[in-house]
Every structure is written in C-alpha cells, then in structure tokens.
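Chain by chain, the residues:
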There are 2 protein chains.
Amino acid sequence: MREIILLALKARTSPEFSLDRLPESGRMDLVCRTISNALWISKDLRRDTIIHIAMNGPNSSPKIISFYGETLKGLEPDERTIAKYIKLTLKEGLKLKLNEEIEVSAGIKISKKAFESLVKEKSKTSQLIYLHPKGEDLRKFNFKKDVTFILGDYIGLPRKTEKLLDRLGAKKVNLGPKILFASHCSIILHNELDRRTF
Amino acid sequence: MREIILLALKARTSPEFSLDRLPESGRMDLVCRTISNALWISKDLRRDTIIHIAMNGPNSSPKIISFYGETLKGLEPDERTIAKYIKLTLKEGLKLKLNEEIEVSAGIKISKKAFESLVKEKSKTSQLIYLHPKGEDLRKFNFKKDVTFILGDYIGLPRKTEKLLDRLGAKKVNLGPKILFASHCSIILHNELDRRTF
C-alpha cells in the first residue's frame, strides 16, 4: 500500500471558504492539486493509494481527511470539484469528537485527529519516508512494500515535525536538485514506485 | 531551453466558458494543471521553460497560447487563476489574423496558428520528443540542450500527429509503466532534466 500524508498547516478546517478563492484558505488549491496528482492516472484511479490531508488551519483543527483510491467514487481530478468535496466533508466533520472518524462519501473519511497521532499509527505498519535535501537519492532507496510519504505544504515541514519523524525511524529521501511543490512530489514518488513494481 | 507543447484538441478557443465548470470546456482544468506543473517550482518559476497550449476546440480555432517562465508576471499556480488569464487572452486573440501573434500580458502570448506550424518551426532549432509506450526509457535518453516535448491531452496524440512528428525527426520516449495525464508528464520530464543539469 502507498500512503501519502500532506501536512497542511494553514488549510481551513471549517467549511466556510470560497470555492472561487481557494488560495486564500490556507492554500486549499495546493491541497486539491496534491490529492489530484496522488490519486489519478489517465482513465483510472490509483487503487493502491491513500492520501491523508492533515489540516491545521482555522477554525476547527485538527482534522484529517483521507481519500482512498480503492473505494473513491464521484470525485473528479479538478481543483474545484475536489474542494467542493472537502467543504462537504469538513461540514460533516464539525460534530466529531477527538479521534472519532466517519466516512462522509464513498472513499472519503474525516477524523478529528492530530497529524502526530496519524504518523505514530502508520509507523507501526508502514515505512515512513519524508523529503529532505540531504536524504538518500529516491532512485537508490530501498523501499518496503508498505510505504507512507510525509509531505509538507508551501510552508514545509517544521523542524519539530522532522524531529518527531526521526524518533519514529522515518527515512529521508531526496527527489532531485529543485525544491518542488508537494503536488509535484507525489508524481515523482509514484513514478519511481511504478518502475519498481512492474 | 525547455519547451512543452500541449495539444489540447477540444480546449475552447473563444472566451465564453465558465470558470466554475472548467472540465466542461474541453478539459480546461487539465490545460491549467499542465501549465501550473510545467512552470512552477516551490517559491519560483522555471525561467528556462516555455509552455505552448495548442487549442483546437470551438469557436475560434486554431489558437496557441504561450507562457514564458522568464517573463511571466501576475499569474498564480491555481487552476482558476490560470483559467482567468486564458479567458482574457482568448478574448484578445479573437481579432488575430492567421499566424499573427500578440503579447496580452507579461509573458503570455497568443497566436492564431496551427499546432502543425508550431512543431515544424520548433523542429528547426530544438529536439522534438513525444511520449510513446515503445519509446526509449527517459532515464537513458540522450537529450540535446534545447528540447521540445509534445504532449497530448486526455484524448492523446492522434495517429496522424504522431506520423507528422516522425517525419520531422521527433524522438519517442517512455516515462514508465503507467499512462499519466499530460500535467503529470511535465513534472517527470523536468525532474529528469534537473538531474542532468546539476
């Protein structure tokens, strides 16, 4: 299984945001592009992929919205349609208690859970990986079968998050000489894994 | 110089389309994501890149809109903002005569020109490359300094376009085992060139 966790530090966690101004809601546009690039290929979804958006912006943080490639239905890969689903999902999520999770539509779940709890859970069953300029070259990295990539949004991963990941045994990889958007990284990660799997 | 030409067979060429329903205008959402992924990196633009969108949809085809990383100003990487600029640019383009070109805003030009004319021009000064499952592996390919990648949209490149490209001496490359969206391909192409250049 391939999992991606995007830490979206400022992404709005309550549904009051405008679909016409996504960049103003903690860069919701970037969140949507990352979901799109993580899950879609031409004419299909990546059934072996789950992407979790750990959202820490106002007004109802923390929230994690998870999209399951295997069961997802109805969603389209454009930013506005994805944002519409996020809005609906956040609305349903307002009533959640801490660590409670519900499935709002086919393949889309929301929980009131902190990023830290999610990565701790994943560290027990999956190889945690995050991106770092001094990490090992992605093309030489020894992947396990179940991997979880942790990506930062436009702000990047805070130092204390990197320290937590280090304590959990996460590995660092380097994708190349340029610093890319999270939405770009998932494409390169998938391409590398696709090449290993076939 | 890196150039990308996206052949968008159904993308609307007159400005009457809704920013709220981009997928309905010949998959304008996909066009916008391809532009975004081709030109942006974290905190900067790719100054060495030009992307041309060869648009053949209704009602004023053919049109080519070209985005120059070196001189682009004001644009943001989200789909809606890019679509807004495309709309404005198409409006200015309505008055163009065949093969005439104008700069509508900093780093954005439009011409009334056919895709075929553009690739013929580029073939004189740049290495033409298109994607094909039987092409050479991207990672082993011998790139020249000036390259032009030709990408198809959701429909793919028609057989007659591939034949034209073959006649012009274009090379075929293969990115990996999965068929991706054009917007994904530019990320992988850039990553490979970034690794060669540094």
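Here is what the cut-offs are and how they apply
Residues numbered from 1 in each chain as written. Chains lettered and ligands numbered in written order. Predicted model: local features only at pLDDT ≥ 70, side-chain atom pairs only at ≥ 80, totals over all residues. Heavy atoms only, no water. Least-squares fit on C-alpha atoms with pLDDT ≥ 70 in both. Contact = heavy atoms within 4.5 Å. Core = buried A, V, L, I, M, F, W, Y, C linked by side-chain atoms within 4.5 Å. Buried < 20%, exposed > 50% of the residue type's maximum accessible area, 1.4 Å probe, protein only. Helix = DSSP H or I, 4+ residues; strand = E, 2+ residues; numbered from the N terminus. Polar contact = N/O pair within 3.5 Å; in protein donor to acceptor, adjacent residues only side chain to side chain. Pairing = 2+ DSSP bridges. Axes fitted to C-alpha atoms, helices over the stretch in contact; angles between N-to-C directions. Phe/Tyr/Trp six-rings, centres within 6.5 Å; stacked < 30°, edge-to-face > 60°. Lys NZ or Arg CZ within 6 Å of the ring centre and 35° of its normal. Buried area = accessible area lost by both parts, 1.4 Å probe. Salt bridge = Lys/Arg side-chain N within 4 Å of Asp/Glu carboxyl O.

Draft legend 1. Structural view of the relation of the copies chain B and chain A. Mapping chain B onto chain A is achieved by rotating through 180° and translating by 0.0 Å along the same axis, at an RMSD of 0.0 Å. Such values leave the two copies arranged in the relation of a two-fold axis. Using C-alpha coordinates, one finds that chain B approaches the rotation axis most closely at Ile188 of chain B, a distance of 3.1 Å. Of the residues that chain B buries at the interface, 100% are likewise interface residues in chain A, meaning the two copies contact each other through the same surface.

Draft legend 2. Inspection of the nonpolar core at higher detail. The biggest cluster of nonpolar side chains holds 96 residues, and the ones touching the most others in it are Phe67 and Ile86 of chain A together with Phe67 and Ile86 of chain B. The residues touching Phe67 of chain B, leaving out its near neighbours within four places in the chain, are Ile35, Leu39, Thr49, Ile50, Ile51, Ile53, Leu72, Leu75, Ile86, Gly107 and Ile108 of chain B.

Draft legend 3. Broad picture of the side chain of Ser66 of chain A. Residue and element names in this part refer to chain A. Tracing the chain through its elements places Ser66 in strand 5 (residues 63–68). A polar contact is formed between the side chain of Ser66 and the side chain of His52, at a distance of 2.8 Å. Each residue touching Ser66, except ones within four places of it in the same chain, is listed here: Ile51, His52, Gly107, Ile108 and Lys109.

Draft legend 4. The arrangement of the sheet that holds strand 9 (residues 147–152) of chain B in detail. Residues and elements named next belong to chain B. Taken in spatial order, the eight strands line up as 6-7-5-4-1-9-8-10 in an open sheet, and their pairing is mixed. Here the strands that pair on one side only, and so sit at the sheet edges, are strand 6 (101–105) and strand 10 (171–174). Neighbour-to-neighbour, the strand axes of this sheet turn through a mean angle of 30°, independent of strand direction.

Draft legend 5. The packing of aromatic side chains, seen in detail. Scanning all chains against the criterion turns up four aromatic pairs over all chains. Here the aromatic rings of Phe141 of chain B and Phe143 of chain B are separated by 4.9 Å at their centres, their planes lie at 70°, and the arrangement is edge-to-face. Each member of the pair Phe141 of chain B and Phe143 of chain B is classed as buried. Ring centres of Phe143 of chain B and Phe149 of chain B lie 6.1 Å apart, and the angle between their planes is 70°; this geometry places the pair in the edge-to-face category. Lys109 of chain A extends its terminal NZ or CZ atom over the ring of Tyr68 of chain A, reaching a point 4.9 Å from the ring centre. Positioned above the aromatic ring of Tyr154 of chain B is the side chain of Arg27 of chain B, whose terminal nitrogen or guanidinium carbon lies 5.8 Å from the ring centre.

Draft legend 6. A look at the interface of chain B and chain A. Taken together, the contact pairs 37 residues of chain B with 37 residues of chain A. Taken together, both faces of the contact between chain B and chain A bury some 3,400 Å²; the carbon and sulfur share is 55%. Interface area lost by chain B to chain A is led by Arg139, Lys178 and Arg195 of chain B, which between them contribute 19%. In this assembly, chain B and chain A are joined by six salt bridges. Residues Arg195 of chain A and Asp137 of chain B are paired through a salt bridge, measuring 2.7 Å at the closest nitrogen-oxygen approach. If you look at where chain B meets chain A, you find 17 residue pairs in polar contact (both at pLDDT 80 or more). Within the residue set of the side of chain B that touches chain A, elements represented by two or more residues are helix 1 (28–39), strand 2 (40–41), helix 2 (79–93) and helix 5 (182–197) of chain B.

Draft legend 7. Geometry of the pairing of strand 5 (residues 63–68) of chain B. Residues and elements named next belong to chain B. Buried residues dominate strand 5, accounting for six of its six residues. Going residue by residue along strand 5, you find Lys63, Ile65 and Phe67 tucked away on one face and Ile64, Ser66 and Tyr68 tucked away on the opposite face as well. In this sheet, strand 5 lies alongside strand 4 (residues 49–55) in antiparallel orientation, the contact comprising six bridges. Bridge pairing links His52 to Ser66 in strand 5.

Take it as geometry only, folks, not as evidence of what the structure does.
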